[in-house]
Amino acid sequence: MTLSGRLSTFSLSDIAQVIDRGKKTGCLALKVLPDAPEPYNIWFEKGRIVAISNSPDQLGLIQLLKNRKWISNRVISDLKLLNSLSIPLGIYLESQGSLRPEHLRFSFQIQVIHQLCGLFQFSDGVFQFKTNIKAPKVEMTGFSISISEATLIGFRRLKNWRLLEVKLPRLDSVLSKSPIAHLALKLDPLEKRIWDLSNGTVPLSDIVQYVSQPPTNIQRAAFRLLIAGLVVDLPPEATLPQFNLVNKPIRTVQIKPIPTTLKDAKSSDRISSSFLQNLLGFLRSKS
Amino acid sequence: MRIVVAGTVGAGKTTFVRTVSEIDVVDTERKPTDLTADVKDSTTVGMDFGKVTLNPEMVLHIYGTPGQIRFDFMWELLISKAHAYILLVAAHRPEEFATVRQMLWFLQNQVQIPLILGVTHTDCEAAWSVQDVGYAMGLAEGEQLLPIVAVNANVRKSVINALIVLVEHYMAQTQTTLS
């Protein structure tokens, strides 16, 4: 099964949430536009991200460890033999005493969390998710993380928001909690406040008043909740219709049942069980 | 009983109502002047209305909403008076999933009435699976927030099957509420 589309119409957050909710295993290939040198591969196992790399020869993790000087040249030369690794490279190196545990953790943060957040700055690109493709062991640290957790952690640490300013929710945005968000993640105090007020009626501009923080802080925290799939921004207010009716005269139709029904009915009125049983029987007889 | 069929432009709402209605559907189709014109030649600006009569005392009314979200005043009017509704989403247009998800949560904020998700155009090229469309709507594995059903709005049996699922869901929901 392949899922494909464009980032301009179905965001990285959206596609990652689909993979997360479906607990899918596979590789999301992401070619960002307009000038991506190599596509990024994001590998998932049961919905959790295990590795990200845009190295064409799948040496991204080794290169990262080498650049940071976290592994020695002797280890690097031995790595030529690692094509047949049966466990993630990070775990292997740690078990051999060739990589310190804290460096392994840092390498995952850089490889996955930092790179993932960097990918959100791109507004356009094409994606294709292929299921049942396992991450190469040589690109894996051995850690995994959910998209929600990775984006919350990553964007909290982000210092330079310049490229993301245009993606921040507007102050007139109204947020609503996701119906399936169980809030298993630990939110910071500002995120928690916004979460509590995300009831589909309170615009961010009002939240600014409640929490006495700069609007930008509110927008960034709301952005984190949106990207993590914990809330959604509701549609803007309806605008007046602007349809061209010149070439087609409007028909005047008497529709008695509609205004009568809409005016007289109570939204809370209940349908009798006998009606429902009859209706169900009637429909089944027609199916 | 009043049922509302909601969804984005071109998801199949008008077709759904026409396919199952026993009367000529009262529609308010007009030539679109916006991006809707890329999807279809005419679009609903008011509502579609059809009905199914069991007997003179028992009638099922089916209302189709306009597709554009800018007509949400009409949505609110219809949804607030509905007993249950089905939200249609076209499986081959992932670019609209975010909008449908917004609609879903917008509607759930407006009213607490039974809802099912109807996935249309599942036979089109590049269509997502029904399950993946559910995930794109914000539903998760093992979460039974609402039933999801594949619907071919052109096929009467398929539409009736969707109505059966909706009525069954309504019965289950109202029983839960009462108990």
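Residues numbered from 1 in each chain as written. Chains lettered and ligands numbered in written order. Predicted model: local features only at pLDDT ≥ 70, side-chain atom pairs only at ≥ 80, totals over all residues.

Chemist: When you look at the overall build of chain A in this model, what are you seeing that I'm missing?
Modeler: Secondary structure assignment for chain A yields 11 helices and 8 strands. Out of the 287 residues belonging to chain A, those deemed buried represent 33%. Relative to all contacts within chain A whose residues are 6 or more apart in sequence, the contacts with residues 24 or more apart total 75%. (Helix = DSSP H or I, 4+ residues; strand = E, 2+ residues; numbered from the N terminus. Buried ≥ 20, exposed ≤ 12 C-beta atoms within 10 Å, placed from the backbone. Contact = placed C-beta atoms within 7 Å.)

Chemist: Sorry, what's going on with the sheet that holds strand β5 (residues 125-131) of chain A here?
Modeler: Pairing between the strands of a sheet comes from backbone hydrogen bonds, and it takes one of two forms, parallel or antiparallel. All names here are of chain A. On the basis of which strands lie adjacent, the open sheet formed by 5 strands has the order β1-β5-β2-β3-β4 and antiparallel pairing. Looking at the sheet topology across the chains shown, the edges are occupied by β1 (2-6) and β4 (48-53). Taken over all neighbouring pairs, the strand axes of this sheet differ in orientation by 15° on average, direction set aside. As paired elements, strand β2 (residues 26-32) and strand β3 (residues 40-45) share 5 bridges and run antiparallel to each other. Within β3, the position partnered with A29 by the bridge is N41. Its contacts with the sheet put helix α1 (residues 12-21) on β1, β2, β3 and β5, and the angle it makes with β5 is roughly 10°. Helix α5 (residues 101-119) rests against β2, β3 and β4 of the sheet, and its axis sits at about 80° to β4. (Pairing = 2+ DSSP bridges. Axes fitted to C-alpha atoms, helices over the stretch in contact; angles between N-to-C directions.)

Chemist: Explain the sheet that holds strand β6 (residues 84-90) of chain B to me, please; I cannot follow it from the model alone.
Modeler: Residue and element names in this part refer to chain B. Pairing is mixed in the open sheet, where 6 strands are placed in the order β4-β5-β1-β6-β7-β8. Edge positions in the sheet fall to β4 (48-55) and β8 (148-150), since each has one partner strand and no second. With direction set aside, neighbouring strand axes in the sheet form an average angle of 25°. Where strand β1 (residues 2-7) and β6 come together, 5 bridges link them in parallel fashion. Counted as the bridge partner of I3 is A84 from β6. Against the sheet, helix α1 (residues 13-20) contacts β1, β4, β5 (58-64) and β6, and its axis sits at roughly 25° relative to β4.

Chemist: I'm lost on the confidence of the model for chain A in this one. Help?
Modeler: Parts of the model with low pLDDT should not have their predicted coordinates read in detail. Summing up the model confidence of chain A, the mean pLDDT is 82 and the portion of residues at 70 or higher is 84%. Scored below 50 in pLDDT, residues 238-267 of chain A makes 32 contacts in the model with residues more than four places away or belonging to other chains. (pLDDT = per-residue confidence, 0-100.)

Chemist: What exactly am I supposed to notice about the environment of I153 of chain A here?
Modeler: Residues and elements named next belong to chain A. Note on placement: I153 falls in helix α6 (residues 147-157). Given 18 C-beta atoms within a 10 Å radius, I153 is considered partly exposed. With 79 residues separating them along the chain, I153 and V232 place their C-alpha atoms 19 Å apart.

Chemist: Any chance you could explain the environment of L85 of chain A here in plain terms?
Modeler: Residues and elements named next belong to chain A. Turning to its location among the elements, L85 is positioned in the loop between α3 (73-78) and α4 (89-95). Separated by 52 residues in sequence, L85 and K137 have C-alpha atoms that sit 6.3 Å apart. Residue contacts for L85: discarding those within four places in its chain leaves Y92, K137 and V138.

Chemist: What is the right way to read the packing of helix α8 (residues 204-211) of chain A against helix α9 (residues 215-227) of chain A from this model?
Modeler: Between two packed helices, what matters for the description is the angle formed by their axes and the separation of those axes. All names here are of chain A. Put simply, α8 and α9 touch, their axes get as near as 9 Å, and they point 120° apart. In the packing of α8 onto α9, the handedness of the crossing is right-handed. In this structure, α8 contributes L204, I207, V208 and V211 to the contact, and α9 contributes P215, I218, Q219 and A222. (Left-handed = near helix turned anticlockwise from the far one by under 90°.)

Chemist: In this structure, what is going on with the pairing of β1 of chain A? I would like to understand it.
Modeler: Along any regular strand, the residues point their side chains to alternate faces of the sheet. Residues and elements named next belong to chain A. Of the two faces of β1, the one lined by L3 and G5 is fully buried and the one lined by T2, S4 and R6 carries no buried residue. Examined bridge by bridge, β1 and β5 share 5 bridges and lie antiparallel to one another. Considered in β5, the bridge of L3 is made with F129.

Chemist: Quick question: what am I supposed to make of α1 of chain B here?
Modeler: Think of an α-helix as 3.6 residues a turn; residues three or four steps apart then line up on the same face. Along α1 of chain B, 7 of the 8 residues are buried, which leaves the element largely enclosed by surrounding structure. When α1 of chain B is considered as a whole, its buried residues turn out to be K13, T14, T15, F16, V17, T19 and V20 of chain B.

Chemist: Explanation requested: the environment of L28 of chain A in the structure shown.
Modeler: Tracing the sequence through the fold places L28 of chain A in strand β2. Sequence-distant contacts of L28 of chain A, that is, excluding residues within four places in its chain, are made with I15, I19, I42, F44, F127 and F129 of chain A.

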